[in-house]
Amino acid sequence: MLSSELAELAGVTVRTLRHYHQIGLLPEPPRSAGGYRNYDVGHLVRLLRITRMTALGVPLSALPAVLDDPAAAEELLDELDRQAAADIERLTARRVGIAALRRSGAPPDLPPELSAWRSAPAAGIPADMARYEHEQLILLGHLLGNDGPAGAAALFGTANDVMSTSAPLTARFYALAPDTPDDEVASLIDELVAHLKPVMARLAVLSPLDAQALALIDELNELTLRPVQHRVLRRVQQRLARPDGA
């Protein structure tokens, strides 16, 4: 039979046949007087074995060792079964995560535990500040590690309670502009330090962020915030880093 006939019988493409010849999986048959490959039923049987095993997940690189060695095939099936079980576990966890995102309405690029810490749409915060919050939480979620977001949520309880107490300060911070009076800036710094002190004390229970993580957060702040907002955050961070908060 011709290449096209063999490929159709086996449910593969002629290009696949040529690839199997190139890598030595399928012996190349003799050619006819007209230069065409002339396959027989033995080629079909071997090709059916190859397609069956690749459908089970056996990689092409492993096929030469297992096609004619039952013992090797048995060991490979055990490994394939372990891989399939791991894939099922991973996909099940993915579906659980997708279901949690649907229930919460959280965006898919943000851990559900941190999504609740965004300002509510009804808060009416500027679009650029909403984007800043979102990007900040994405970065923080990554820097806290796999268990960090859940640990933070457990430490602080419901986000609504914390967000309601910080909302006035957040609004004042987002409203900072180059012409904001110095006394208002100084007052806001004092109130932010007082508000954040207990927050930082709780965060200390988690793994502390290293210098690189803090530098990345500061870089995001500088990139996204107005200069006056960035200065206020730096001043707050400096004071919180001191034991007396002075």
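Going by the structure above, here's the rest.
Rules used throughout
- Residues numbered from 1 in each chain as written.
- Predicted model: local features only at pLDDT ≥ 70, side-chain atom pairs only at ≥ 80, totals over all residues.
- Heavy atoms only, no water.
- Salt bridge = Lys/Arg side-chain N within 4 Å of Asp/Glu carboxyl O.
- Helix = DSSP H or I, 4+ residues; strand = E, 2+ residues; numbered from the N terminus.
- Buried < 20%, exposed > 50% of the residue type's maximum accessible area, 1.4 Å probe, protein only.
- Polar contact = N/O pair within 3.5 Å; in protein donor to acceptor, adjacent residues only side chain to side chain.
- Contact = heavy atoms within 4.5 Å.
- Phe/Tyr/Trp six-rings, centres within 6.5 Å; stacked < 30°, edge-to-face > 60°.
- Axes fitted to C-alpha atoms, helices over the stretch in contact; angles between N-to-C directions.
- Parallel < 35°, antiparallel > 145°, perpendicular 65-115°, else oblique.
- Nonpolar A, V, L, I, M, F, W, Y, C, P; charged D, E, K, R; others polar.
- Expected span 1.5 Å × (residues − 1).
- Arc of directions from axis to C-beta.
- Patch = residues over 30% accessible without salt bridge, like charges linked within 9 Å, V, L, I, M, F, W, Y side chains within 5 Å.
- Areas by Shrake-Rupley, 256 points an atom, 1.4 Å probe, with all protein chains shown as cover.
- Lys, Arg positive; Asp, Glu negative; His and termini not counted.
- Charge placed at Lys NZ, Arg CZ, Asp CG, Glu CD.

Observations regarding the pattern of salt bridges
Moving on, step 1. Following the criterion strictly, the structure yields 8 salt bridges and no others.
Moving on, step 2. Here R31 ties to E28 by a salt bridge, and the two come within 3.5 Å at their closest N and O atoms.
Moving on, step 3. Between R234 and D218 there is a salt bridge whose closest N-O contact spans 2.7 Å. Of this pair, R234 sits in helix 12 (residues 227-241) while D218 sits in helix 11 (residues 211-224); the two residues are 16 residues apart in sequence, bridging distant segments of the chain.
Moving on, step 4. Since its relative accessible area comes to 38%, R234 is described here as partly exposed.
Moving on, step 5. Shared partners join several salt bridges into a network, and the residues in it are E28, R31 and R37.

Section: the side chain of E133
Moving on, step 1. By secondary structure assignment, the location of E133 is in helix 7 (residues 127-143).
Moving on, step 2. For E133, the side chain forms a polar contact with the side chain of Y174, separated by 2.6 Å.
Moving on, step 3. E133 has contacts with W117, R118, S119, I125, T170 and Y174, leaving out every residue within four places of it along the chain.

A word on the packing of aromatic side chains
Moving on, step 1. Counted according to the given criterion, the structure contains 1 aromatic pair.
Moving on, step 2. Here the aromatic rings of F173 and Y174 are separated by 5.9 Å at their centres, their planes lie at 55°, and the arrangement is tilted.
Moving on, step 3. For F173, a relative accessible area of 6% gives the class buried.
Moving on, step 4. Judged by relative accessible area, which is 7%, Y174 ranks as buried.

Observations concerning the packing of helix 7 against helix 11
Moving on, step 1. Between helix 7 and helix 11, whose axes approach to 11 Å, the crossing angle comes to 170°. Taken as axis vectors, helix 7 and helix 11 run roughly antiparallel relative to one another. On helix 11, the residues that touch Y132, E135, Q136, L139, L140 and L143 of helix 7 are A213, L216, I217, L220, N221 and T224.
Moving on, step 2. Considered class by class, the residues forming the contact of helix 7 with helix 11 number 8 nonpolar, 3 polar and 1 charged.

Description of the environment of L169
Moving on, step 1. Tracing the chain through its elements places L169 in helix 9 (residues 159-174).
Moving on, step 2. Note on L169: relative accessible area 10%, which makes it buried.
Moving on, step 3. Sequence separation between L169 and I189 is 20 residues; the distance between their C-alpha atoms is 9.7 Å.

Comments concerning helix 5 (residues 70-104)
Side chains that are three or four residues apart share a direction in an α-helix, a result of its 3.6 residues per turn.
Moving on, step 1. A rise of 1.5 Å per residue sets the reference length of helix 5, with its 35 residues, at 51 Å; its end C-alpha atoms lie 51 Å apart and thus fit the reference within 8%.
Moving on, step 2. Of the surrounding elements, those touching the buried residues of helix 5 are helix 4 (63-66) and helix 6 (112-115).
Moving on, step 3. Backbone geometry just after helix 5 places G105 at a positive phi near 75°.

Some thoughts on the packing of helix 11 against helix 12
Moving on, step 1. The N-to-C vectors of helix 11 and helix 12 enclose an angle of 155°; their axes lie 9 Å apart at closest approach. Considered as vectors, helix 11 and helix 12 are oriented roughly antiparallel to each other. In this structure, helix 11 contributes D218, N221 and E222 to the contact, and helix 12 contributes H230, L233, R234 and Q237.
Moving on, step 2. When the residues that make up the contact of helix 11 with helix 12 are grouped by side-chain class, the tally is 1 nonpolar, 3 polar and 3 charged.

Here we look at helix 11
Moving on, step 1. Over its 14 residues, helix 11 extends 20 Å from the first C-alpha to the last, a length consistent with the 20 Å expected when each residue adds 1.5 Å.
Moving on, step 2. Of the positions making up helix 11, those classed as buried are A213, I217, D218, L220 and N221. What you see down the axis of helix 11 is that its buried residues fit within an arc of 155°, all on one side. Turned more than 90 degrees off the buried face of helix 11, the exposed positions are A211, Q212, E219, E222 and L223.
Moving on, step 3. Where helix 11 is buried, its residues touch helix 7 and helix 12.

Some thoughts on a negative patch on the surface
Moving on, step 1. A surface patch of like charges, here negative, comprises D69, E74, E75, D78 and D81.
Moving on, step 2. Structurally, the position occupied by D69 is in the loop between helix 4 and helix 5.

So, the side chain of T180
Moving on, step 1. Examined against the element boundaries, T180 turns out to sit in the loop between helix 9 and helix 10 (182-203).
Moving on, step 2. For T180, a relative accessible area of 16% gives the class buried.
Moving on, step 3. A polar atom in the side chain of T180 sits 2.8 Å from the backbone nitrogen of A177.
Moving on, step 4. With residues up to four places along the chain from it excluded, the contact list for T180 reads A175 and V185.

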